[in-house]
Amino acid sequence: MASRLFPQVKEEVEPCSFPQFPAIDRSFCYSDSSHGSHFSVKNSHEPYCTLESSFAHGSYTVYNSSSNGSPMSQQESQSNMSDLHHSPDNTYSSPISSSCITDDVSDLKGKLRELETVMLGPDCDIINSTISPEMDSWRLVTDAVSRQDLKQVLVSCAKAVSDNDLLTAQWLMDELRRMVSVSGEPIQRLGAYMLEGLVARLASSGSSIYKALRCKEPASAELLSYMHILYEVCPYFKFGYMSANGAIAEAMKDEDRVHIIDFQIGQGSQWITLIQAFAARPGGPPHIRITGIDDSTSAYARGGGLNIVAKRLSKLAALFKVPFEFNAAAMSGCEVQQEHLQVRPGEALAVNFAFMLHHMPDESVSTENHRDRLLRLVKSLSPRVVTLVEQESNTNTAPFFPRFRETLNYYTAMFESIDVTLPREHKERINVEQHCLARDVVNIIACEGPERVERHELMGKWRSRFRMAGFTPYPLSSLVNATIKTLLENYCDRYRLEERDGGLYLGWMNRDLVASCAWK
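Each chain carries its own residue numbering, running from 1 in the direction its sequence is written. Under the rules for a predicted model, residues below a pLDDT of 70 receive no local features and side-chain atom pairs below 80 are neither given nor counted, while totals for whole chains, interfaces and linings still include all residues. Side-chain figures throughout are based on the complete set of non-hydrogen atoms in the structure, without hydrogens or water.

Chemist: Would you mind going over the overall build of the protein with me for this structure?
Modeler: Helix and strand labels come from DSSP, where a helix needs a run of H or I of at least four residues and a strand needs a run of E of at least two; each type is numbered from the N terminus. Scanning the protein from N- to C-terminus turns up 16 helices and 8 strands. Each residue gets one of three labels from its accessible area relative to the maximum for its type: buried under 20%, exposed over 50%, partly exposed in between, using a 1.4 Å probe on protein chains only. Taking all 520 residues of the protein together, 56% fall into the buried category. We call two residues in contact whenever any of their non-hydrogen atoms come within 4.5 Å of each other. When contacts within the protein are restricted to residue pairs at least 6 apart in sequence, long-range pairs at least 24 apart make up 79% of them. For the area figures, the Shrake-Rupley method with a 1.4 Å probe applies, and any residue is considered shielded solely by the protein chains shown. When the accessible surface of the protein is totalled, it reaches about 22,400 Å², and 52% of it is carbon and sulfur.

Chemist: Please explain the packing of helix 7 (residues 220–233) against helix 14 (residues 429–446) as it appears in this structure.
Modeler: Think of two packed helices as two axes; the pair is described by the angle between the axes and how far apart they sit. Interaxial angle, 0 to 180 degrees, is taken between N-to-C directions of lines fitted to C-alpha atoms, where a helix line uses only the stretch in contact. At their nearest, the axes of helix 7 and helix 14 sit 9 Å apart, and the two run at 95 degrees to each other. Classed by the angle they form, the pair helix 7 and helix 14 counts as roughly perpendicular. Between helix 7 and helix 14, the residues in contact are L223, Y226, M227, I229 and L230 and N431, V432, H435, C436 and L437, respectively. For this classification, the nonpolar set comprises Ala, Val, Leu, Ile, Met, Phe, Trp, Tyr, Cys and Pro, the charged set comprises Asp, Glu, Lys and Arg, and every other residue, Gly included, is treated as polar. Among the residues making up the contact of helix 7 with helix 14, the classes are represented as 8 nonpolar, 2 polar and no charged. Throughout this description, any angle smaller than 35 degrees is read as roughly parallel, any larger than 145 degrees as roughly antiparallel, any in the 65 to 115 degree range as roughly perpendicular, and the remainder as oblique.

Chemist: Quick question: what am I supposed to make of the pattern of salt bridges here?
Modeler: Where charged atoms from two side chains of opposite charge come close, those side chains can pair. Here, a salt bridge means any Lys or Arg side-chain nitrogen found within 4 Å of an Asp or Glu carboxyl oxygen. Going through the model one piece at a time under the given rule, you end up with 26 salt bridges. The closest approach of N and O atoms between K159 and D163, which form a salt bridge, is 2.7 Å. One salt bridge connects E175 with R178, and the closest N-O pair in it is separated by 3.1 Å. Note on E175: relative accessible area 15%, which makes it buried.

Chemist: Looking at this structure, how should I read the packing of aromatic side chains?
Modeler: Pairing of aromatic side chains requires ring centres within 6.5 Å, counting the rings of Phe and Tyr and the six-membered ring of Trp. Pairs whose planes differ by under 30 degrees are stacked, by over 60 edge-to-face, and all others tilted. Throughout the structure, instances matching the rule amount to 11 aromatic pairs. Between Y236 and Y495, the ring centres sit 5.6 Å apart and the planes meet at 70 degrees, which makes this aromatic pair edge-to-face. On the criterion of sequence distance, the pair formed by Y236 in helix 8 (residues 236–251) and Y495 in strand 6 (residues 495–500) is long-range, its members being 259 residues apart. Of the two residues, Y236 and Y495, both sit in the buried class. Judged by centre distance (6.2 Å) and plane angle (55 degrees), the ring pair of F400 and F404 falls under tilted. On the criterion of helical spacing, the pair formed by F400 and F404 is a turn pair, its members being 4 residues apart in helix 13 (residues 400–421). For F404, a relative accessible area of 1% corresponds to the buried category. An aromatic cluster is present here, built from Y236, Y491, Y495 and W508 joined pairwise through their rings. For a ring to carry a charge above it, either NZ of a lysine or CZ of an arginine must fall within 6 Å of the ring centroid while also lying within 35 degrees of the normal to the ring plane. Sitting over the ring of F400, R201 keeps its end group 4.1 Å from the ring centre. One cation-aromatic arrangement involves R500 over Y505; the distance from NZ or CZ to the ring centre is 3.8 Å.

Chemist: Would you explain the pairing of strand 5 (residues 385–391) in this entry?
Modeler: Where a strand is regular, its side chains alternate between the two sheet faces. With 7 of 7 residues buried, strand 5 is to be regarded as a mostly interior element. Across the two faces of strand 5 the burial is the same, with V385, T387, V389 and Q391 and V386, L388 and E390 all buried. Regarding topology, helix 12 (residues 370–380) serves as the crossover connection from strand 4 (residues 348–354) to the parallel strand 5, and that connection is right-handed. Strand pairing follows a simple DSSP-based rule, namely that at least 2 bridges must link the two strands. Here 6 bridges tie strand 5 to strand 8 (residues 511–519), and the two strands are oriented antiparallel to one another. Residue L388 lies in a different strand from strand 8, and its bridge partner there is C517. The handedness rule is simple: strands pointing away from the viewer, and a clockwise path from the first strand over the helix to the second, make the crossover right-handed.

Chemist: Before we go on, may I ask you to explain the pairing of strand 1 (residues 257–263) in this structure?
Modeler: Taken across its 7 residues, strand 1 has 6 buried, putting it largely inside the fold. Note: strand 1 against strand 2 (residues 287–294), 7 bridges, orientation parallel. Within strand 2, the residue paired with I260 across the bridge is I290. Crossover strand 1 to strand 2 through helix 9 (residues 270–279) is right-handed. Sheet topology note: the strand 1/strand 4 ladder contains 6 bridges and is parallel. Note that in strand 4 the partner of F263 across the bridge is F353.

Chemist: Could you clarify how one ought to interpret the nonpolar core in this entry?
Modeler: Nonpolar side chains tend to gather and get buried jointly when the protein is soluble and globular. By size, the foremost hydrophobic cluster in this structure holds 76 residues, and its most contacted members are L198, L230, Y236, F404 and Y411. Among the elements that take part in this core, helix 13 stands out by supplying 10 residues, more than any other. In contact with L198, not counting residues within four places along its chain, are L154, C157, A158, V161, M173, F400, F404 and I445. In this structure, V351, L375, L377 and F471 belong to the second largest nonpolar core, which totals 29 residues. Among buried residues, those of type Ala, Val, Leu, Ile, Met, Phe, Trp, Tyr and Cys that are joined through side-chain atoms within 4.5 Å constitute a nonpolar core.

Chemist: Got a minute to help me understand unusual backbone geometry in this structure?
Modeler: Among all residues save glycine, negative phi is the norm, and among peptide bonds the norm is trans. For Q264, which is not a glycine, the phi torsion comes out positive at approximately 65 degrees. Among the secondary structure elements, Q264 is positioned in the loop between strand 1 and helix 9. Backbone geometry at D501 places phi at a positive 50 degrees, although glycine is not the residue there.

Remember, this is a structural readout, not a statement about activity or role.
Structure representation (structure tokens):
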């Protein structure tokens, strides 16, 4: 979901709250073609890319079956899979035509059975039983293609990629290109980006996976606009920020000096409503100091450094007569050490992890395990409250194929929810999905190791990490929960809110999408 940002506050002081998104990884964008291709479709040196911010002549179809429409990396390779695909030896070509030897099908089957018995003996049934599961699997795939079952064809293609069955993978990619569209049904739109991820995964491996993509970055103002649209049409981000702010306000209700450390602050939009809430507190507002941690990707989308955030929040605080300080820490979360946080005695400390920790590599990626290191660091500071908001998805250590299926199920729900509130003819909807969601999808599918930065975990796993770091749950506020329920009344009734196991879950129909909790 992209970095936590918001457009300019009207007249610099109008109350508003805009999204805070995980940062888009700009290293996706390369101008050179991919290397290390396993196969090619045609002999062309033009790099492909479907993740463009605009489409020629207003056409929004990602792929087509013409010679100029392939999204594949169009490099020559040692093994020309196109030739294999059309070879008479290709076992995955069209089904065998029916026999013209006899019209008596039962008689033909009987004669073949007699021949089997003579040639193979009585053990031929064992051979048949060994072959049949594979044939059954193949029949399921061909049936899904004939029925145009896009979701099942995507799964089958991912399985072929996982099994390194390049011939089947290429055939299914050819079929998928005719089935997906960024202007179609939710599954067609998501399918376009998931197919892009499969193509990128096959085209390269290791450090060259990113080079399988050639993307055009939108200008920072355009990116902010896309994020704002997504923020308005989906309640997921408002839910996360409201639940976190509610926990912080509750924990700090009697404090005179409050220090908030925000990992990946973006535009600082989360704190506009909290500053206003503190201003209205009986007995007067506390002194508020915010330490904003941010990296270069958010600076790009914001159009400048953290001084932009400092000026905006300082002006707002002055308007509401709230004593305010801002401490800028322009760095990635992996670089943060205690000295960067400037904790002072006498301050009540709150730490905010909103859509951020899943970007930190853990023990499966790095021996330093920054995910747990940051939690231990924060615990050593004795915070009054720590808030966590994350996508409820399991893509961190899962192997490729189950990770693909999890991503398909998760983003299907998200694309369906967008479809309800943002009309398909909305001129910016394609850009919203492309620049705020599609990059994450491609990263999850195409990348491994340190280059896979989208590494979500379920709340149960986060709960274990917090407990191992020494934290205990901070109780949820019934008032905040009631406020969020009221918020959801403005959206489709297929959204649902559920409180369980010390966490608050926002979902679409039967799928949890975002989870929030607090710790101390």
